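Residues per chain are reported as follows:
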Amino acid sequence: MSNAFVNVTVAEFSCVALHDGGSIRASLKGNADGAAIDALASLLAQVHVEAARLGASETVVDLRELEFMNSSCLKRFVTWISNIQALDGSARYRVKFLSNPTMHWQKRSLHALRSFADDLVTVEA
Amino acid sequence: MLLPYIEMSCRPTVPLVSVVRRFVTEFYKRIVGDTDATSRIALATHELLENAVKYSRDGETRLRIEVDTNSTPHAVRIEMQNRAEPGHLAAIREILDGVATAPDPMAFYQSLMVKTSTRLEGSGLGLARICVEADMKLSYRIDGDSLILTGDAQLYADETESAA
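Cut-offs used in this document
Residues numbered from 1 in each chain as written. Chains lettered and ligands numbered in written order. Predicted model: local features only at pLDDT ≥ 70, side-chain atom pairs only at ≥ 80, totals over all residues. Heavy atoms only, no water. Helix = DSSP H or I, 4+ residues; strand = E, 2+ residues; numbered from the N terminus. Rg over C-alpha atoms; globule rule 2.2 N^0.38 Å. Buried < 20%, exposed > 50% of the residue type's maximum accessible area, 1.4 Å probe, protein only. Contact = heavy atoms within 4.5 Å. Lys, Arg positive; Asp, Glu negative; His and termini not counted. Charge placed at Lys NZ, Arg CZ, Asp CG, Glu CD. Areas by Shrake-Rupley, 256 points an atom, 1.4 Å probe, with all protein chains shown as cover. Salt bridge = Lys/Arg side-chain N within 4 Å of Asp/Glu carboxyl O. Polar contact = N/O pair within 3.5 Å; in protein donor to acceptor, adjacent residues only side chain to side chain. Nonpolar A, V, L, I, M, F, W, Y, C, P; charged D, E, K, R; others polar. Pairing = 2+ DSSP bridges. Axes fitted to C-alpha atoms, helices over the stretch in contact; angles between N-to-C directions.

A.B. asks: Describe the overall build of chain A, and please don't skip the residues or the numbers.
C.D. replies: Within chain A one finds three helices and six strands. Ordered by position from N to C terminus, the α and β elements of chain A give β-β-β-α-β-α-β-α-β. Taken against the 2.2 N^0.38 rule, which gives 14 Å for 125 residues, the C-alpha radius of gyration of chain A at 13 Å falls within 12% of a compact globule. Out of the 125 residues in chain A, the part that is buried amounts to 51%. In chain A, of all internal contacts separated by at least 6 residues, the share reaching a separation of at least 24 is 68%. Averaged over its 12 positive side-chain charges, chain A has a centre that lies 4 Å from the centre of its 13 negative ones.

A.B. asks: Go over the overall build of chain B, please, and point to the residues and values.
C.D. replies: In terms of regular secondary structure, chain B is built from six helices and five strands. In terms of overall dimensions, chain B is globule-like: its C-alpha atoms have a radius of gyration of 16 Å, near the 15 Å expected for 164 residues. Referenced to the eigenvectors of the C-alpha coordinate spread, the extents of chain B come out at roughly 40 × 35 × 30 Å. Relative to its full complement of 164 residues, chain B shows a buried share of 50%. Counting contacts in chain B only where the partners sit at least 6 residues apart, residues at least 24 apart contribute 66% of the total. Taken as a whole, chain B presents about 7800 Å² of accessible surface, with 56% of it coming from carbon and sulfur. Averaging the coordinates of the 18 positive side-chain charges in chain B and doing the same for the 24 negative ones gives two points 5 Å apart.

A.B. asks: For the interface of chain B and chain A, give the residues involved together with the corresponding values.
C.D. replies: Taken together, the contact pairs 32 residues of chain B with 26 residues of chain A. Residue E67 of chain A is joined to R22 of chain B by a salt bridge in which the shortest nitrogen-to-oxygen separation is 2.8 Å. In this structure, the connection of chain B to chain A is made through 20 residue pairs in polar contact (both at pLDDT 80 or more). Counting residues per element, the ones that place at least two in the side of chain B that touches chain A are α1 (14-32), α2 (35-55), α4 (105-116), α5 (126-133) and α6 (159-163) of chain B. The element contributing the most residues to the side of chain B that touches chain A is α2 of chain B, with nine residues. When the residues that make up the side of chain B that touches chain A are grouped by side-chain class, the tally is nine nonpolar, eleven polar and twelve charged.

A.B. asks: An account of the side chain of S39 of chain B is requested, with residue identities and associated values reported.
C.D. replies: Here S39 of chain B shows up in helix α2. A residue is classified by how much of its surface remains accessible, and S39 of chain B, at 16% relative accessible area, is buried. Those residues in contact with S39 of chain B, other than ones at most four positions away along the chain, are H104 and W105 of chain A.

A.B. asks: Run through the sheet that holds strand β1 (residues 5-10) of chain B, naming residues and quoting values.
C.D. replies: Residues and elements named next belong to chain B. Taken in spatial order, the five strands make up an open sheet running β1-β2-β3-β5-β4, and their pairing is antiparallel. Two strands close off the open sheet at either side, each with one partner strand: β1 and β4 (137-143). Along the sheet, successive strands turn relative to each other by an average axial angle of 15°, direction set aside. With six bridges joining them, β1 and strand β2 (residues 56-68) adopt antiparallel strand pairing. Paired with S9 across the two strands is R62, which belongs to β2. Packing of helix α3 (residues 86-101) onto the sheet brings it into contact with β2, β3 (74-84), β4 and β5 (146-155), and relative to β4 it is tilted by some 150°.

So this is what it looks like as structure tokens:
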């Protein structure tokens, strides 16, 4: 992928982030367990930097092929969203999660993330 | 009727936690027949095992999962036992007492998210996640230096799945 600025595979987890017009799209696949924590933290940090650089109004996070996410990885999303909340109003960007209804954990975890920041987070099934 | 259950003793590692979660998922898919309920059991099992990997004194862990399919709705009990450090016992007590006494468990979970968002090690969310996302009542008891965490839940049918 030529416009990918992150493309990492660790154990059973892989993530790609790329520029998509004026926004950013990150796709997560596989199993986000204890082996994936550092890769995910790095991905979200780079997405945050790129979103600020581009002045993006939205980032899309595609979880449709993500089998599972543990609480340590979920917390990386909480940290990322907290960092977005800490930005000045005009610099804030929204986060849209693409979810897979057959992965039932996603419905519950994304509900928790949306409740954490319902002005920033949307979920699309 | 005799109830099917899983009981295992192991010394889990990070990769093995996912192996056990997948086995538990496949096992209970066949018994419970509801993928949403099975995912709640799997999530709780994964978080409890990771907790043991991080905080067990010697890694030795006993896991038992039983589902009472004679009751309506089915009832599940997950029990995890390992030797734990005193400092960890205090942290567990604080989280579980917090969830148990919170008028709104989701609000308590959100407050933990805020509190732990800058924490570098671990998540501090795993046990509260079991209570809120897996909709499970967690309790603990201490026997010597052993920590026994017990999760109980009713496996109500997922409404969206039933309607499909």
